[in-house]
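Observations on the three-dimensional arrangement
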Amino acid sequence: MNEVTVIGGGFAGCEAAMQLAKRGVKARLYEMKPVRFSPAHKSEALCELVCSNSFKAQRVESAAGLLKAEMELLGSVCVKCAKEPAVPAGGALAVDREGFSRYITEALLAFANLTVVHEELTELPASPVIIATGPLTSEAMSEAIERRFGESLHFYDAAAPIVTYDSLDHGKVFAASRYDRGADYLNCPMTREEYFAFYHALVNAETAPLHSFETPRVFEGCMPIEVMAKRGELTLAYGPLKPVGLEVDGKRPFAVVQLRRDNTDGTLYNIVGFQTNLKFPEQKRVFGMIPGLEHAEFARYGVMHRNTFLESPKLLTPDYSLRGDTLTFFAGQMTGVEGYVESASSGLLSALSLHEKLSGRQALDFTSETAIGALGHYVAEYNGKDFQPMNVTFGIMDPLSERVRGKQERCERIAARALERARAMKETFDL
């Protein structure tokens, strides 16, 4: 069986390389760090988390939880490794950043038939290959991709700040999760007066220049907090700062800023939903107006960077392989899936399907009845005017054949059907 080249040591690339290695395929994984870093990457580790440390909800009745359940059923290494360094996050799966990368690296290096090469590739290699260089693909590789496939799409993404636990005013913050689901989040309650003072400071704060980037086109799913705020005075109060499900002394605050643990030790917390492109001094000034963060020490300021995505509906099939070249695959966020787990799922599916093809069999199709398959069909078959990155959602999955009125029951039935389909695929193809 041929050696497979995998480019990119992020979620998609690592998942794909390990899935191939588990099946006896010799794989060579290229990662350009530490030879070269993108504008958003700082660590030499594989599977670096550059934005949130949350892998979202765990309930299978949610699309994010269902996706993880399907992947776990199929032996996803990324999902398995996320369980080891998990940190409290209510109903979500969140991880210690460094711990997660360490578990992934150890799992990857355990495969004798998987070689990691720290080198920047500047040209597309021959198939079989899985290209998972991410939305922060190096300039040279981006140019190589565009020479072959035409101009890519460009979006802007942002990361939220991280503050130290000891620098918070614990007389003002309180521990709780929404709707009495534990006490995993720290909450900063705001009065009406505090909210509007913060709001006006935020919308008038100075943002960092984008330098050589093109006219900004912001991805809706990871919008900078200052951009969101400019949509209306109460947009934040009904969005990331909504107080629903949280009370202080029996009363609901006007707004609440939540902090989520960012490492196992609980020494770092990220400000949930506060992706930003404000200048660093402005972040300290404006976010310091939030009750409890007046003297916060920033372990990492928020940043904004350009992400590059393919026009996947013109180029890819639902298993992420290239139209006209069935042994060349793209995977990860550059295909138009958005999120850590979504990226890993594309790496999982591309590797499973490539293995089938290398074994003389057909491409795999999990169909849009599953979360894994629905993401692949979305990026390959989207027919709207404005192709944008997509998180997993029940909205891209096939609807039920029968009408179900209640949302909870509808989601449960969709999840049950999806897991049944995934089990059938696993048994039929010995995945």
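Note that the coordinates shown come from a computational prediction; the quantities given were computed from them, not determined experimentally.

Taken in spatial order, the six strands of this open sheet run β10-β11-β12-β13-β9-β14, and their pairing is antiparallel. At either end of the open sheet lies a strand with only one pairing partner, and these are β10 (174-175) and β14 (298-300).

Turning to helix α4 (residues 97-109), a few remarks are in order. The end-to-end C-alpha distance of α4, which contains 13 residues, comes to 19 Å, matching closely the 18 Å that a straight helix rising 1.5 Å per residue would cover. Every buried residue of α4 is listed here: Arg97, Gly99, Phe100, Ser101, Ile104 and Leu108. The backbone nitrogen of Glu98 has a side-chain oxygen 3.1 Å away, supplied by the residue at the start of α4, namely Asp96.

Counting residues in each nonpolar core, the largest one holds 76 residues, and the members touching the most others are Phe11, Phe55, Phe100, Leu114 and Ile130. Ranked by the residues each element gives to this core, the list is headed by helix α10 (residues 340-358), at nine residues. Ignoring sequence-local partners within four residues, the contact set of Leu114 consists of Ala17, Met18, Ala21, Ala27, Leu29 and Leu108. Core analysis: the next-biggest nonpolar cluster, separate from the first, contains 34 residues, Ala237, Phe274, Leu293 and Phe298 among them.

This paragraph deals with unusual backbone geometry. Peptide bonds are mostly trans, and most non-glycine residues show a negative phi. With an omega dihedral of 0°, the bond running from Lys33 to Pro34 counts as a cis peptide bond. Residue position: Pro34 is located in the loop between β2 (27-31) and β3 (54-57). Despite not being glycine, Thr367 shows a phi value in the positive range, around 65°. Within the secondary structure layout, Thr367 lies in the loop between α10 and α11 (371-381). Look at Asp430: it is not a glycine, yet its phi comes out positive at around 50°. Checked against the element boundaries, Asp430 lands in the segment after α12 (407-429). On the basis of relative accessible area, Asp430 is assigned to the exposed category, the value being 68%.

Let's shift gears to the environment of Ser54. Looking at the secondary structure, you find Ser54 in strand β3. Look at Ser54 and you get buried, because its relative accessible area is 12%. For the pair Ser54 and Ala371, spaced 317 residues apart in sequence, the C-alpha to C-alpha distance is 18 Å. If we ignore the near neighbours within four places in the chain, the residues touching Ser54 are Ala92, Leu93, Ala94, Arg260 and Tyr340. A polar side-chain atom of Ser54 sits 3.0 Å from the main-chain amide nitrogen of Lys56.

Looking now at empty space enclosed by the protein. Within the structure shown, the criterion is met by two cavities of 30 Å³ or more. Reported here for the largest cavity is a volume of approximately 40 Å³. If you go around the largest cavity, the residues you meet are Phe11, Phe55, Lys68, Met71, Cys78, Val79, Ala82, Leu93, Tyr340, Val341 and Ala344. Here the lining of the largest cavity is composed, by residue class, of 10 nonpolar, no polar and one charged. Size it by volume and the second largest cavity reaches roughly 30 Å³. Gly134, Thr137, Ser142, Ile145, Ser152, Thr308 and Met334 are the residues that line the second largest cavity. Here the residues of the lining of the second largest cavity are counted per class, giving two nonpolar, five polar and no charged.

Moving on, we get to α10. For α10, with 19 residues, the first-to-last C-alpha span of 27 Å sits near the 27 Å given by 1.5 Å per residue. With 19 of 19 residues buried, α10 lies mostly within the body of the structure. Positive backbone phi, at 85°, marks Gly360, one or two positions downstream of α10.

What follows is about the packing of helix α2 (residues 63-73) against α12. One way to put it is that α2 packs onto α12 with a least axis distance of 10 Å and a crossing angle of 20°. With respect to α12, the axis of α2 lies roughly parallel. Like other packed secondary-structure pairs, α2 and α12 cross with a definite hand, here right-handed. Counting all contacts with α2, which are made through Leu66, Ala69, Glu70 and Leu73, the residues of α12 involved are Ala415, Ala418, Leu419, Ala422, Arg423 and Lys426. By residue class, the composition of the contact of α2 with α12 is seven nonpolar, no polar and three charged.

Here we take up the sheet that holds strand β7 (residues 129-131). Pairing within the open sheet is mixed, and its six strands lie in the order β6-β2-β1-β7-β17-β16. The sheet terminates laterally at β6 (114-118) and β16 (321-322), the two strands that pair on one side only. In this sheet, β2 lies alongside strand β1 (residues 4-7) in parallel orientation, the contact comprising four bridges. Note on β2: the bridge partner recorded for Val6 is Leu29. Against the sheet, α10 makes contact with β1, β7, β16 and β17 (325-330), and its axis sits at roughly 160° relative to β17, the strand it touches most.

When pLDDT is averaged along the protein chain, the result is 90; 96% of the residues meet or exceed 70. No element of the protein chain has a lower mean pLDDT than strand β8 (residues 153-158), at 73, and none a higher one than β1, at 98. Of the regions scoring below 50 in pLDDT, residues 211-215 engages in seven contacts with residues more than four places distant in sequence or in other chains.

With that settled, consider the pattern of salt bridges. For the coordinates displayed, the defined rule picks out 17 salt bridges. Put simply, Arg285 and Glu282 hold a salt bridge, and the shortest N to O gap is 2.9 Å. Note that Arg285 and Glu282 are positioned in helix α8 (residues 280-287) at a spacing of three residues, about one turn of the helix. The exposure class assigned to Arg285 is partly exposed, which follows from its relative accessible area of 42%. Taking the shortest distance from any N to any O, the salt bridge between Arg413 and Glu402 comes out at 3.1 Å. With Arg413 in helix α12 and Glu402 in the loop between α11 and α12, the pair connects residues that are 11 residues apart, well separated along the chain. With a relative accessible area of 35%, Glu402 lands in the partly exposed category. A single salt-bridge network, built from bridges that share partners, covers Glu3, Lys26 and Arg28.

Parameters and conventions
Residues numbered from 1 in each chain as written. Predicted model: local features only at pLDDT ≥ 70, side-chain atom pairs only at ≥ 80, totals over all residues. Heavy atoms only, no water. Pairing = 2+ DSSP bridges. Helix = DSSP H or I, 4+ residues; strand = E, 2+ residues; numbered from the N terminus. Expected span 1.5 Å × (residues − 1). Buried < 20%, exposed > 50% of the residue type's maximum accessible area, 1.4 Å probe, protein only. Polar contact = N/O pair within 3.5 Å; in protein donor to acceptor, adjacent residues only side chain to side chain. Core = buried A, V, L, I, M, F, W, Y, C linked by side-chain atoms within 4.5 Å. Contact = heavy atoms within 4.5 Å. 1 Å grid on protein atoms, 1.4 Å probe; cavity = no way out; pocket = protein on both sides within 12 Å on 5 of 7 lines; lining within 4 Å. Points joined across faces, edges and corners; volume = space filled by probe spheres on them. Nonpolar A, V, L, I, M, F, W, Y, C, P; charged D, E, K, R; others polar. Axes fitted to C-alpha atoms, helices over the stretch in contact; angles between N-to-C directions. Parallel < 35°, antiparallel > 145°, perpendicular 65-115°, else oblique. Left-handed = near helix turned anticlockwise from the far one by under 90°. pLDDT = per-residue confidence, 0-100. Salt bridge = Lys/Arg side-chain N within 4 Å of Asp/Glu carboxyl O.

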